[in-house]
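Observations on chain architecture
Chain residues, written in single-letter form:
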Amino acid sequence: MDFSYSAEQETLRREIIKFAKERLNTGVIARDHHQEFPRDLWLACGEMGLQGLPVPEALGGAGMDPLSCTIALEAFGYGCRDNGLVFSVCAHLLSCVVPMWRFGTPEQQARYLPRLCNGTLIGIHAMTEPGSGSDSFGLKTRAVRDGDGWRINGSKTFISNAPVADVIIVFALTDPAKGFHGGVTAFLMERDTPGLTASKKIEKMGMRTSPFGELAFDDVFVPDTAILGTLGGGSAIFTHAMDWERILLFAAHVGQMERLLDLGVQYARTRQQGGKAIGKYQAVSHKLADLKVNLEASRLLLYRSATKLDRTRAVSLDAAMTKLFVSESLVKGAMDVLQVFAGYGYSVEYEIEREVRDAIGSRIYSGTSDIQRNIIASWLRL
Ligand SMILES: Cc1cc2nc3c(=O)[nH]c(=O)nc-3n(C[C@H](O)[C@H](O)[C@H](O)COP(=O)(O)OP(=O)(O)OC[C@H]3O[C@@H](n4cnc5c(N)ncnc54)[C@H](O)[C@@H]3O)c2cc1C
């Protein structure tokens, strides 16, 4: 497979890196410290087209194929040092905008997509509950038939962008006897729907500029027109969103890995100890050599998976392998670069400690590393 960039992809990559470096990187230490979501920068990303990359132009997006979207998000992750902002944009795009584009009715698409794509609206995807994370099949949020609509009760937690959300995709049980396959439905609702409350943000370890929080549904009424896709079709929507997210969100992490490699190499060439650059010590250079190998292997896996997204529905194995390998490589790479920077890496000023804190979550969201291994093992019929 030849993954060399076309002229358009080269320009796209260059422009996004330039945009991110010039517009998004000021004040990241303070934003992280105060857990501030930068709405102004979010809107700048919307103007750049990042929130609607694959969506057809007629619906407000940029109409890009999945591989070009991957290259764009990798450039975004490389250029932007605010990993929380990158994560918020990706979560919105991959778990709300993509399902809305793929499964929404023309009315739903017209109502939401143009404003989701330009960043005026913020969208979220609410599956995880206090009692069901990895076992998303075990959800308890219930939607019961009520006249010409549905009455929803339950709660969700750890939902990215929930404290700032305008549009919500929520998964609820509509037929407990059928369970996850046929018994779960995705519903759309807006922030001011009576009975819906979004809690304040939950403080977290990393990506602190990307808020997450809880949602509570107390007798929330939605009409039939709020169903996204079909009644009982929630698991297909969830799986589709996870396939996109486990590939394209991790494109941004490949960009972050390349940025870490650049920082590590530059530092190892210039920092002197014992009369020579620390990069001349194998203990240091081998860490960076391993990061280089993991970066290139991640990128190959990523690009190959991305080319399958619009060719086949059977992409879940590729998505799980990509997600697992990229996230584990990112965490190891971030830890190794911190070790190369040593005392300076541990200090906030050098921004490496934040990279480590930001990286850790990648092994948890979109399904933990253990769950990705379970998926891969099940494809091996184990
Ligand atoms: C930064 C961040 C953003 C998130 N954003 C969203 C969001 O936007 N929307 C949303 O719905 N959710 C979101 N989540 C939730 C995320 O999907 C869950 O945290 C994740 O699926 C794990 O669930 P849990 O935290 O309940 O852990 P648990 O499921 O309780 O797992 C605890 C431990 O047990 C292991 N484990 C559990 N079951 C198995 C098994 N069957 N086999 C092997 N090991 C197992 C896990 O790997 C883990 O190590 C987010 C989480 C984070 C950290």
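So, the pairing of strand β4 (residues 167–173)
Most of β4 is tucked away, with seven of its seven residues classed as buried. By the alternation rule, side chains of β4 split into V167, I169, F171 and L173 and I168, V170 and A172, which are all buried. Direction of pairing for strand β1 (residues 123–126) relative to β4: parallel, over a ladder of four bridges. When the bridges of β4 are listed, G123 appears paired with V167.

Observations concerning the site of the ligand
Taken together, the neighbourhood of the ligand is formed by 16 residues, with T128, S134, S160, T368 and D370 sitting nearest. M127 has a polar backbone atom sitting 3.0 Å from an oxygen atom of the ligand. At a separation of 2.7 Å, a nitrogen atom of the ligand approaches a polar side-chain atom of T128. Computed on the free molecule, the ligand has an accessible area of 980 Å², of which 63% lies beneath the protein chains in the complex. Of all the secondary structure elements, the ones that give two or more residues to the shell around the ligand are β3 (149–160) and α12 (369–379). Broken down by class, the residue content of the shell around the ligand amounts to eight nonpolar, seven polar and one charged.

Structural notes on the nonpolar core
By size, the foremost hydrophobic cluster in this structure holds 95 residues, and its most contacted members are L24, F76, L113, L116 and F171. Counting residues per element, this core draws most heavily on helix α8 (residues 234–270), which supplies 16 residues. Once residues within four sequence positions are removed from consideration, F171 is found in contact with H125, A126, M127, L139, T141, K156, V184, T185, A186, G234, I237 and F238. Among the nonpolar cores identified, the runner-up in size contains 20 residues, and W150, A172, L196 and V220 belong to it.

Details of the pattern of salt bridges
This model, assessed by the stated rule, comprises 24 salt bridges. A salt bridge links E190 to R111; the shortest N-O distance between them is 2.7 Å. Note that E190 is positioned in strand β5 (residues 184–190) and R111 in helix α6 (residues 106–117), a separation of 79 residues in sequence. Since its relative accessible area comes to 24%, E190 is described here as partly exposed.

Digging into the environment of R23
Within the element layout of this structure, R23 appears in helix α1 (residues 7–23). Measuring from C-alpha to C-alpha, the distance between R23 and A216 comes to 36 Å, with 193 residues separating the pair along the chain. Discounting residues that sit within four places of it in the chain, R23 has contacts with L41 and A44.

Quick word on the packing of helix α5 (residues 83–103) against α6
Axis separation between α5 and α6 bottoms out at 10 Å; the angle between their running directions is 150°. Considered as vectors, α5 and α6 are oriented roughly antiparallel to each other. Considering only the axes of α5 and α6, their crossing is left-handed. Of the residues in α6, those in contact with H92, C96, V97, M100 and W101 of α5 are Q109, Y112, L113, L116 and C117. Taken together, the residues of the contact of α5 with α6 break down into eight nonpolar, two polar and no charged.

Rules used in this analysis
Residues numbered from 1 in each chain as written. Predicted model: local features only at pLDDT ≥ 70, side-chain atom pairs only at ≥ 80, totals over all residues. Heavy atoms only, no water. Buried < 20%, exposed > 50% of the residue type's maximum accessible area, 1.4 Å probe, protein only. Helix = DSSP H or I, 4+ residues; strand = E, 2+ residues; numbered from the N terminus. Pairing = 2+ DSSP bridges. Near = heavy atom within 4 Å. Polar contact = N/O pair within 3.5 Å; in protein donor to acceptor, adjacent residues only side chain to side chain. Areas by Shrake-Rupley, 256 points an atom, 1.4 Å probe, with all protein chains shown as cover. Nonpolar A, V, L, I, M, F, W, Y, C, P; charged D, E, K, R; others polar. Core = buried A, V, L, I, M, F, W, Y, C linked by side-chain atoms within 4.5 Å. Contact = heavy atoms within 4.5 Å. Salt bridge = Lys/Arg side-chain N within 4 Å of Asp/Glu carboxyl O. Axes fitted to C-alpha atoms, helices over the stretch in contact; angles between N-to-C directions. Parallel < 35°, antiparallel > 145°, perpendicular 65-115°, else oblique. Left-handed = near helix turned anticlockwise from the far one by under 90°.

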